[in-house]
Amino acid sequence: MVRKVRHPVKISDLKKKKKEEQAKQAEKKTEALKEMKLSGKLADNIDTIRQILGDSDDLVIRNIILAGNPEKKAAIVFIDGLVNAMLIDGYILKSLMFHTRQPTDEKSDESTPPPLIDQLIRSGLTINEVGQANDFQQIIRSLLSGDTILLVDGEEMALFMNTKGWERRAVQEPNTESVVRGPRDGFTETMRVNTALIRLRLKDPDLRVKNITVGKRTNTDIAIIYIDGIVDPKVLEAVVNRIQSIDIDGALESGYLEQLIEDNHWSPFPQIQNTERPDKAVANLLEGKVVIVTDGTPFVLIAPAVFSQFYHSPEDYYERFGIGTFIRFIRLISMAMALLLPSLYIAFTSFHPEMIPSKLAIAMMAGRATVPFPAVVEAMLMEIAVEILREASVRLPGPIGPTIGIVGALIIGESAVSAGIISPILVIIVGLTTLGSFATPSYSAAIALRMLRFPMMLAAGTLGLLGIMLFLIVIIIHLSSLKSFGVPYMAPISPSRTSDLKDALIRAPLFWMRSRPKIMKPRDDKRVG
Amino acid sequence: MAEPGSQSNIAQRVNVAKEETPYVIAPRQVTAILSCTLIGMGVLTLPRIASHWAHEAGWMSVLLGMFMAMFGIGLISSLGQRFVGQTVVSYSRQLLGGKTRPRLGVVLSFPILISLAGIWLADTSMITRAFSEVIMAAVLENTPMNVILFLMLATAMYLAMHEAEVIARVNELLFPLIVIPVLLLTLISFQNARWNNLLPLFPVDWRAFFISLLATSVFYKGFEMMLVFSAFTQPISAARRAQFVGIGIPALLNTLITLAAIAVFSYEELERLMWPTLELATSTEIPGLIFERVEAAYLAVWVAAIFTAISNFYFATAKILQETFRIRHHQWIVLGLFPLLLWLSNLPAHVYQVFHWIEILGYLSVLLWLGFPLILWLLAQIRLREKNGNRRTDHPGQ
């Protein structure tokens, strides 16, 4: 008899089995909820709802008697705080409890009268958006979204009515992206308001709004907006597929989505743009990009994104092209300053003092005479102190914040200089660096550059100008290898397309911009006739 | 729908549907690749070599040396156009072996491919070493040589690990950053020029001029890299033109630099300068700007030129070895070659040995890029008459 050799069980197999079991259980739970249908009895349905929500105290159940059918019992269920009470009082309860319905001319050929719910929908309720369902999953979901549920004894369908009305922020000016000339409205935390703000500006029937829910527990509503006929269908497909593959319990902010669907989340540079301004979103839609609106945050995502987004602002297009070009150059210079200035200081003082003109060199050396640290340490200390200051001033409330920022910078700078810890020219350099990073219109890009200046300072401290150049080359290599939904990140600078360059570094006059940017591969690329 | 716990690679799982084009390098990027590489090769010591034999007419020999390089690149580009999407490995095997005996082609082409890879490796290490010598002499006196070598080669390795697409993009990005400062500096240095240093126009006889021509055409080496890169370019006429333009731009720049060097120093002093272009930068004053001795900044710009040259060579070597030995990813080869490159860069004992090696390598590579593509091209012509074209539309580089 041959002994059967048992194959050893691998640990990875065991882990996989455990995960599959967990997944199965979770699915069972959702399946169970889906399976549950309404029974005919009102009391049972109400009990089920109460049980699913665990007897939450903000669940309101109002038993009523329908005016047209006084023999039937009915109940209204809603969640206090999510609903607009006036709608319920004035329209639902009034129309159900007061107004008898006209007897419908039942001269129809139907042998049985239509169900009560259908009658109510057609002629009983004066509410604009109604729907019916008989499975508990949909009922609970709409209940939690602010709808009111009508349950009637003896009916197998429940009615849900749109009575959403919670406290929402008014449309205000976005404070992360303000402009001098341009619209002052910004997105809010409610998805419908945001999609409405986009629709208001883009009255194109080709504009499509597609809803998806993300997040197993939060069930956050996401709207994917695009212009059918301009957008590249492959990009759209990739966006939708990626969002649908997200398996997370809570998607609280669009940042979650951004990090999960990004091409390369290890990179410091964002490959998806975010904005609070509707006009920017609409401008990007017109170029063939896809906008993702997330409920609960005013920041919408724009995909795909390229590097030139960092120094483009919608304001460039509202003024004349000379001004737009000039401001773009200023922004590019300030980005370069934010990245390079402290490193250049370190390189020049430590490695190439011969490059500084003599008078300036004397003044600098006089300032540096009392400093006990090498230039690298000095610059690092000061930059870290400024970063701490910046973070602290974000957290401080109200009017104290900016004041502390100014006071802190001045006092710390001044006293550090007089204590002989840093040299005065470093204060200027650090100040200019901070200003430069503020001038970048995109916050995510500004952070990336702020972060990168620390390794750049180390590189400058190691090899001087050569180190700066090598690290710059490393950054360029990294940027060139990034792709955002199939679009190379450094387009249209590289791979260069001359037709797109007119909007990259400069801002060409509007009448030159006859077609949409080719890097987005739009299907309809004619802009100006 | 989704597996639990695998959220970290959604982008890898759901990627944008790729377009069916394997031609990832655009014609403009081809120009950039060629120009960046050739500028990096020649700019170090070219003026001295050019004026060594041809005296005051050195700049003319630089300009005319361009034609030899154009001839070479013409051969290589027509080979690339005929064998669309294949690198030199596959079409040299095809041409040398023939349909009946493919093994023969593998065996015959093997030593040539290995010597090609070896020369490129030696080129990479010698250029890096020469550049480190310049850096140490001019800018960073106290830094150990190995630190500079290591950091340069490490950055080149980082770039060579990526795909050809990324390399093309980086070259394209760095191209204006290299050409514009070099051009500007050369033009500015003309303010110190004494134009009678350029006379007499034809000081030497034809023999010496011809030797000078050969010597300067050595500095155009580097374009044989296109043997590998042409696998990724489209077989359109714009790509062919781009390759010639890619030789023309560095030719023009080298001519200008040599002209400036001969004009500013005379050819006698030029022969005694170790790094003539660097001295050109030192002697230049930029009036009105706030910086004075700009050679450090000039060297920083130069880093980009040298860097593109060595990383292009590095990538080409890795690609050739990848295909010869059928390894799936060239990243491993890049990693494995790194210590070899470091060791090779350390071999010469001092800078004169470096120059000596560069000279020998130059002659070897002229032999290679004149001989090898010529033979292949002739074979291709013969076989073209035998059959009717030989187009393979596989994935490039297989």
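Residues numbered from 1 in each chain as written. Chains lettered and ligands numbered in written order. Predicted model: local features only at pLDDT ≥ 70, side-chain atom pairs only at ≥ 80, totals over all residues.

**Remarks on the overall build of chain B**
Alright, step 1. Within chain B, the regular secondary structure consists of 16 helices and zero strands.
Alright, step 2. The buried share among the 398 residues of chain B stands at 54%.
Alright, step 3. Intrachain contacts of chain B at a sequence separation of at least 6 include 84% that bridge at least 24 residues. (Helix = DSSP H or I, 4+ residues; strand = E, 2+ residues; numbered from the N terminus. Buried ≥ 20, exposed ≤ 12 C-beta atoms within 10 Å, placed from the backbone. Contact = placed C-beta atoms within 7 Å.)

**A look at the interface of chain A and chain B**
Alright, step 1. Contact residues are listed per partner, giving 40 residues for chain A and 40 residues for chain B.
Alright, step 2. Looking at the side of chain A that touches chain B, the elements with two or more residues in it are α1 (11-35), α7 (233-244), α8 (254-261) and α17 (465-481) of chain A.
Alright, step 3. It is α17 of chain A that provides the largest number of residues to the side of chain A that touches chain B, a total of 10 residues.
Alright, step 4. Residue classes in the side of chain A that touches chain B are distributed as 24 nonpolar, nine polar and seven charged. (Nonpolar A, V, L, I, M, F, W, Y, C, P; charged D, E, K, R; others polar.)

**Some words on the sheet that holds strand β1 (residues 59-65) of chain A**
All names here are of chain A.
Alright, step 1. If you trace the five strands from one edge of the open sheet to the other, you get β1-β2-β4-β5-β3, paired in antiparallel fashion. Both outer strands of the open sheet, β1 and β3 (130-133), are each paired with one neighbouring strand and no more. Averaged over all pairs of adjacent strands, the angle between strand axes in this sheet comes to 25 degrees, irrespective of strand direction.
Alright, step 2. Note that β3 and strand β5 (residues 158-162) share four bridges and pair antiparallel. Within β5, the position partnered with G131 by the bridge is F160. (Pairing = 2+ DSSP bridges. Axes fitted to C-alpha atoms, helices over the stretch in contact; angles between N-to-C directions.)

**Description of the sheet that holds strand β7 (residues 220-227) of chain A**
Residue and element names in this part refer to chain A.
Alright, step 1. Spatial ordering of the open sheet is given by β6-β7-β9-β10-β8, a layout of five strands whose pairing is antiparallel. Only two strands of the sheet have a single partner each, and these edge strands are β6 (207-214) and β8 (273-275). Neighbour to neighbour, the strand axes of the sheet diverge by 25 degrees on average, direction disregarded.
Alright, step 2. Relative to strand β9 (residues 290-294), β7 runs antiparallel, the two being bridged by four bridges. When the bridges of β9 are listed, I225 appears paired with V291.

**A short note on the packing of helix α11 (residues 237-264) of chain B against helix α13 (residues 276-283) of chain B**
Packed helices, taken two at a time, are described by their axes: the angle between them and the distance between them.
All names here are of chain B.
Alright, step 1. At a minimum axis separation of 10 Å, α11 and α13 run at an interaxial angle of 65 degrees. Between α11 and α13, the interaxial angle falls into the category roughly perpendicular. Between α11 and α13 the crossing geometry is left-handed. Where α11 abuts α13, its residues I257, A260, A261 and V264 lie against P276, T277, L280 and S283.
Alright, step 2. Residue composition of the contact of α11 with α13, grouped by class: six nonpolar, two polar and no charged. (Parallel < 35°, antiparallel > 145°, perpendicular 65-115°, else oblique. Left-handed = near helix turned anticlockwise from the far one by under 90°.)

**A look at unusual backbone geometry**
Negative phi values dominate among residues other than glycine, just as trans dominates among peptide bonds.
All names here are of chain A.
Alright, step 1. Put simply, A303 and P304 share a cis peptide bond, and its omega is -10 degrees.
Alright, step 2. If you trace the backbone, P304 turns up in the loop between β10 (300-303) and α10 (315-318).
Alright, step 3. Within the chain, N219 stands out as a residue other than glycine whose phi angle is a positive 50 degrees.
Alright, step 4. Structurally, the position occupied by N219 is in the loop between β6 and β7.
Alright, step 5. Among the residues examined, N219 registers 14 C-beta atoms within 10 Å and is labelled partly exposed.
Alright, step 6. Residues other than glycine seldom take positive phi values, yet F485 does so here, at roughly 55 degrees.
Alright, step 7. Among the secondary structure elements, F485 is positioned in the loop between β11 (483-484) and β12 (487-488).

**Considering the nonpolar core**
Alright, step 1. In terms of nonpolar packing, the biggest core is built from 227 residues, with L466, I468 and M469 of chain A together with I178 and V303 of chain B touching the most fellow members.
Alright, step 2. With 20 residues, the top contributor of residues to this core is helix α14 (residues 295-324) of chain B.
Alright, step 3. Shared between two domains, this core holds at least three residues of each, these being domain 2 (191-305) and domain 3 (320-488) of chain A.
Alright, step 4. If near-sequence neighbours (up to four positions away) are discounted, I468 of chain A is found in contact with L340, S343, A347, M456, A459 and A460 of chain A.
Alright, step 5. Membership of the second largest hydrophobic core comes to 26 residues, among which are A74, F78, I92 and L150 of chain A. (Core = buried A, V, L, I, M, F, W, Y, C linked by C-beta atoms within 7 Å. Domains from an automatic or database assignment.)

**Describing the pairing of β6 of chain A**
All names here are of chain A.
Alright, step 1. In terms of strand pairing, β6 meets β7 through eight bridges, oriented antiparallel. Bridge pairing in β7 places V209 opposite I225.
Alright, step 2. Where β6 hands over to β7, the hairpin turn is made up of five residues, of which G215 adopts a positive phi near 100 degrees.

**Description of the packing of helix α4 (residues 58-82) of chain B against α11 of chain B**
Residue and element names in this part refer to chain B.
Alright, step 1. With their axes 9 Å apart at the nearest point, α4 and α11 run at an angle of 165 degrees to one another. Our classification of the angle between α4 and α11 gives roughly antiparallel. With respect to the hand of their crossing, α4 and α11 are arranged in right-handed fashion. Residues G58, W59, V62, L63, M66, A69, M70, I73, S77 and Q81 of α4 form the contact with α11, whose participating residues are R240, Q243, F244, I247, G248, A251, N254, T255, T258, L259 and I262.
Alright, step 2. Partitioning the contact of α4 with α11 into residue classes produces 12 nonpolar, eight polar and one charged.

**Here we look at the domain arrangement of chain A**
Residue and element names in this part refer to chain A.
Alright, step 1. Taken domain by domain, chain A consists of domain 1 (33-102 + 115-162), domain 2 (191-305) and domain 3 (320-488).
Alright, step 2. Between the C-alpha centres of domain 2 and domain 3 the distance comes to 34 Å.
Alright, step 3. Listed by partner, the interface residues are 16 residues for domain 2 and 13 residues for domain 3.
Alright, step 4. Of the residues forming the side of domain 2 that touches domain 3, the biggest block, four residues, is contributed by α7.
Alright, step 5. Split into classes, the residues belonging to the side of domain 2 that touches domain 3 amount to 10 nonpolar, four polar and two charged.

**Description of the confidence of the model for chain A**
Alright, step 1. In this model, chain A carries a mean pLDDT of 84, and residues with pLDDT of at least 70 account for 91%.
Alright, step 2. Mean pLDDT values over the elements of chain A span from 68, in helix α18 (residues 498-501) of chain A, up to 94, in β9 of chain A. (pLDDT = per-residue confidence, 0-100.)

**As for the environment of D247 of chain A**
Residue and element names in this part refer to chain A.
Alright, step 1. By secondary structure assignment, the location of D247 is in the loop between α7 and α8.
Alright, step 2. Given 18 C-beta atoms within 10 Å, D247 falls into the partly exposed group.
Alright, step 3. Residues D247 and K216, 31 residues apart in the sequence, show an inter-C-alpha distance of 7.4 Å.

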